[in-house]
Amino acid sequence: MIGLGGVHAGTYDDWVQTHNLPGAASGPADAPAGDGVANLLKFALGLDPLTPGPSPLFEPVVVNRDGQQRFGLRLTLATAAQGVRLDLYGSADLRTWTRRPVLLEQLADLGAGLLSVQLLDDEGLSSSQPLFLRLAAEFTPYGQFITSPAIPVLTNSVGTDGATLTVPAPGNPLAGLVVDVPAGAYPGPQTFTLSYAPIVGHNYPASVNPVTPLIHIDNGGALAGQIMTVTVPLNLSPDEFALGFIYHPDTGELEGMPLVALATNSITIATRHFSDFFISTIPYSALPSKVDSGFLPGLDDWEFVNYGSFLADGGQCSGQSQSAMWYYCERRRQGSPPLFNLYDNSLYSFRTPSFGPDNVLGIKLASRVQEDTDWNSLALWFWKTTRIDDSATLAAFAYSTLVTGEPQLMFIYSATGGHAVVAYLVENGIILVADPNFPGVTTRQIVYDGADSKFEPYYSGSDAAHLGTAYTNIYYVGKRTINDWAKIGQEWGELDAGTIAAGDFPVFKITLLESNAGAWVATASVTTDKPTEVPIQTGANQAKIGLAYVSGPLYANIALVTFNTAGTQLDPPPDFVSNLGMGTNQLGVEV
């Protein structure tokens with residue numbers, strides 16, 4: 001058995017100080033004992049950094065899980081090591097290594113903060129190619145669950161008419177769990193397999209308090225066309241709040257699940273895809289008075305106002321909110337610059353920070369994300385289905401932000417329709433939101449009235465041209481359980497390549513007309529559906545812009561406006577003539 005000299009409850013920096021490691025030997029990759037085992041790995045395994053580690057450090061194992069052979073390593077783990085996780089990297093050729101999803105299972109409690117565990121590759125062995133594994137300890141902003149081996153519960157086929165799956169076994173910790181798959185959720189039959197793994201330990205903060213096993217529902221991973229629900233039996237006291245969380249075993253990331261109903265004996269959560277998840281509880285009194293995700297309007301939202309577009313003519317609030325959240329979570333938190341004005345005047349040689357409509361790539365991305373999903377139907381589903389009081393909704397935003405450290409998607413609804421905003425801070429009953437109708441504004445807030453136990457009406461609109469709607473129904477949606485997060489990432493890649501929404505917008509011929517002897521004469525033109533910069537020389541002091549449809553989707557009504565770089569219209573009605581000054585005149589045409 002491995003010695004206990006390195007076991008320490010706390011962070012890596014605490015561990016370094018406890019062992020008095022000199023600066024030159026205190027780095028995560030350093031191996032001051034001369035055994036080649038890096039400090040960070042010794043920290044995770046509970047080893048003394050100044051003493052050579054055991055040989056061998058781990059034992060290879062092959063086990064059967066769900067009918068598949070899984071390759072892994074058996075080793076000893078320090079349960080209280082915070083901010084670190086164990087991972088496996090796999091390779092077929094010992095040259096290219098990729099991180100594998102893992103199962104971390106307890107075999108025995110060794111005492112003194114040590115567990116005997118096995119770290120298994122969750123993809124299983126392939127008969128067609130070899131698999132080499134490499135053990136790594138890595139810093140993480142998240143954590144890692146340690147479970148007992150998974151226990152199968154049921155397997156059922158669900159057809160296009162949907163089905164309700166219920167766990168019947170008395171004495172089973174999931175007895176009474178109900179999965180409701182509505183008709184039309186999938187275009188063909190899907191096999192649902194449900195299992196659970198008791199959670200025996202984790203290194204998440206104390207705010208993560210699992211009261212269920214880690215529940216695994218496998219149906220192939222496809223995104224459902226309809227929202228599905230899972231009702232989990234609970235035993236809550238009246239002062240406890242509960243929320244479901246998706247667990248991503250490849251990173252340790254946790255993600256809040258939309259809350260549909262909550263009672264002392266059960267919770268109902270919503271999703272469009274299945275993975276590992278669990279239910280966590282916290283006393284209402286333990287929720288901090290202020291929880292901040294770090295997201296901030298004016299830095300992390302888009303700078304253009306939600307007026308919609310040709311593609312999203314009813315507004316693109318969900319598209320703007322979701323695409324901004326994706327950038328913040330996947331790029332900004334990893335060190336990329338803030339989003340606000342980052343794509344201003346897309347692809348041109350000069351910036352126009354006071355004029356939002358020329359962020360053509362950003363608007364196209366938001367429109368494409370909006371149109372990929374029927375957000376209005378989803379918002380209507382929440383309005384028809386959700387049955388929780390506003391105090392629980394407030395707690396859902398606070399608790400999910402506390403656990404994940406990320407902004408959350410919010411649907412708001414009225415009798416006339418819905419709207420989407422990003423909830424980024426909760427403080428003393430107030431939820432601060434980034435509203436696409438008011439980009440860069442940090443004072444937009446939804447207020448919970450504790451005396452009436454209700455949210456006060458929030459005034460906005462489906463887009464910025466239709467403001468004044470009083471939204472009284474506030475819904476916690478979370479991050480990505482009801483959308484295709486990978487698809488949004490793919491579309492961000494298309495924005496990077498300049499191909500986003502290709503073919504979704506009409507192609508026009510834009511012509512510059514100059515006054516010549518009392519007549520308007522064409523001097524130059526460009527045919528495009530994307531940002532294009534054309535230098536033109538003219539001796540005239542007035543100009544007009546002509547527009548002609550060339551190809552692409554047809555349109556009912558179209559208009560154009562000519563602006564300068566400050567966003568001032570240059571061609572007011574009725575004659576729509578732009579006056580030109582001496583020197584360079586930078587004209588922008590909005591169609």
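Residues numbered from 1 in each chain as written. Predicted model: local features only at pLDDT ≥ 70, side-chain atom pairs only at ≥ 80, totals over all residues. Heavy atoms only, no water.

Thoughts on helix α7 (residues 485-497)
Phase 1 of the analysis: With 13 residues, α7 should reach 18 Å at 1.5 Å per residue; the first-to-last C-alpha distance of 19 Å fits that figure.
Phase 2 of the analysis: By the burial criterion, the buried members of α7 are Trp485, Ile488, Gly489, Glu491, Trp492 and Leu495. Along the long axis of α7, the arc covered by the buried residues comes to 160°, so they all point the same way. In α7, those exposed residues whose orientation departs by more than 90 degrees from the buried face are Ala486 and Ala497.
Phase 3 of the analysis: In this fold, the buried residues of α7 make contact with α3 (317-330) and α4 (360-372).
Phase 4 of the analysis: Immediately beyond the C-terminal end of α7, within one or two residues, lies glycine 498, with a positive phi of roughly 80°. (Helix = DSSP H or I, 4+ residues; strand = E, 2+ residues; numbered from the N terminus. Expected span 1.5 Å × (residues − 1). Buried < 20%, exposed > 50% of the residue type's maximum accessible area, 1.4 Å probe, protein only. Arc of directions from axis to C-beta. Contact = heavy atoms within 4.5 Å.)

Concerning the confidence of the model for the chain
As a note on interpretation, predicted positions should not be read in detail where pLDDT is low.
Phase 1 of the analysis: This prediction gives the chain a mean pLDDT of 89; 95% of its residues lie at or above 70.
Phase 2 of the analysis: Confidence drops under a pLDDT of 50 for residues 1-5, and excluding neighbours within four residues, the segment shows 12 contacts in the predicted structure. (pLDDT = per-residue confidence, 0-100.)

A closer look at the nonpolar core
Phase 1 of the analysis: Within the largest apolar cluster, 65 residues are counted, with the highest numbers of intra-cluster contacts made by Met410 and Ile431.
Phase 2 of the analysis: By residue number, the principal contributor to this core is helix α6 (residues 390-404), which donates eight residues.
Phase 3 of the analysis: Residues in contact with methionine 410, not counting those within four places in the same chain, are Phe397, His419, Ala420, Val421, Ala423, Ile431, Val433, Ile446, Ile474, Tyr475 and Val477.
Phase 4 of the analysis: The next biggest cluster of nonpolar side chains, apart from the first, holds 45 residues, and it includes Ala270, Trp381, Tyr475 and Ile482. (Core = buried A, V, L, I, M, F, W, Y, C linked by side-chain atoms within 4.5 Å.)

As for the sheet that holds strand β7 (residues 132-139)
Phase 1 of the analysis: Taken together, the three strands give an open sheet; going across it, the order is β4-β3-β7, and neighbouring strands pair in antiparallel fashion. Either end of the sheet is taken by a strand with one partner, and the two such strands are β4 (98-100) and β7. Ignoring strand direction, the axes of neighbouring strands in this sheet form an average angle of 45°.
Phase 2 of the analysis: In the sheet, strand β3 (residues 84-91) pairs with β4 via three bridges, with the strands oriented antiparallel. Counterpart to tyrosine 89 in the pairing with β4 is arginine 99. (Pairing = 2+ DSSP bridges. Axes fitted to C-alpha atoms, helices over the stretch in contact; angles between N-to-C directions.)

Details of the environment of leucine 512
Phase 1 of the analysis: Tracing the sequence through the fold places leucine 512 in strand β30 (residues 507-516).
Phase 2 of the analysis: Between the alpha carbons of leucine 512 and alanine 543 there is a distance of 6.8 Å; along the sequence they are 31 residues apart.

Quick word on the packing of aromatic side chains
Phase 1 of the analysis: Under the defined criterion, the tally for this structure stands at 29 aromatic pairs.
Phase 2 of the analysis: Taking the centre distance of 5.3 Å and the plane angle of 70° together, the rings of phenylalanine 295 and tyrosine 328 count as edge-to-face. Here phenylalanine 295, found in the loop between β21 (290-292) and α3, pairs with tyrosine 328, found in helix α3; they are 33 residues apart in sequence, far enough to count as distant.
Phase 3 of the analysis: On the numbers, 6.1 Å between centres and 80° between planes, the contact of tryptophan 375 with phenylalanine 411 is edge-to-face. Here tryptophan 375, found in helix α5 (residues 375-385), pairs with phenylalanine 411, found in strand β22 (residues 408-414); they are 36 residues apart in sequence, far enough to count as distant. Phenylalanine 411 matches tryptophan 375 in its accessibility class, with the two residues each being buried.
Phase 4 of the analysis: Over the face of the ring belonging to tryptophan 97 we find arginine 134, whose NZ or CZ atom lies 4.7 Å from the ring centre.
Phase 5 of the analysis: Above the ring of phenylalanine 438, the side-chain terminus of arginine 444 is found at 3.8 Å from the ring centroid. (Phe/Tyr/Trp six-rings, centres within 6.5 Å; stacked < 30°, edge-to-face > 60°. Lys NZ or Arg CZ within 6 Å of the ring centre and 35° of its normal.)

Here's the deal with the pattern of salt bridges
Phase 1 of the analysis: All told, the structure shown has 18 salt bridges when counted by the stated rule.
Phase 2 of the analysis: We note a salt bridge from aspartate 121 to arginine 100, for which the minimum N-O separation is 2.8 Å. Of this pair, aspartate 121 sits in strand β6 (residues 114-121) while arginine 100 sits in strand β4, placing them 21 residues apart in sequence. Each member of the pair, aspartate 121 as well as arginine 100, carries the same accessibility label: buried.
Phase 3 of the analysis: Via salt bridges that share partners, Glu253, Glu255, Arg333, Glu406, Lys479 and Arg480 belong to a single interconnected network. (Salt bridge = Lys/Arg side-chain N within 4 Å of Asp/Glu carboxyl O.)

Description of the side chain of aspartate 390
Phase 1 of the analysis: Tracing the backbone through its elements, the reader meets aspartate 390 in helix α6.
Phase 2 of the analysis: One buried charged residue, aspartate 390, remains without a salt bridge, the closest side chain of opposite sign being lysine 454 at 4.8 Å.
Phase 3 of the analysis: One polar contact links the side chain of aspartate 390 to the main-chain amide nitrogen of phenylalanine 455, over a distance of 2.9 Å.
Phase 4 of the analysis: Setting aside chain neighbours within four positions, we find aspartate 390 in contact with Tyr448, Ser453, Lys454 and Phe455. (Lys, Arg positive; Asp, Glu negative; His and termini not counted. Polar contact = N/O pair within 3.5 Å; in protein donor to acceptor, adjacent residues only side chain to side chain.)

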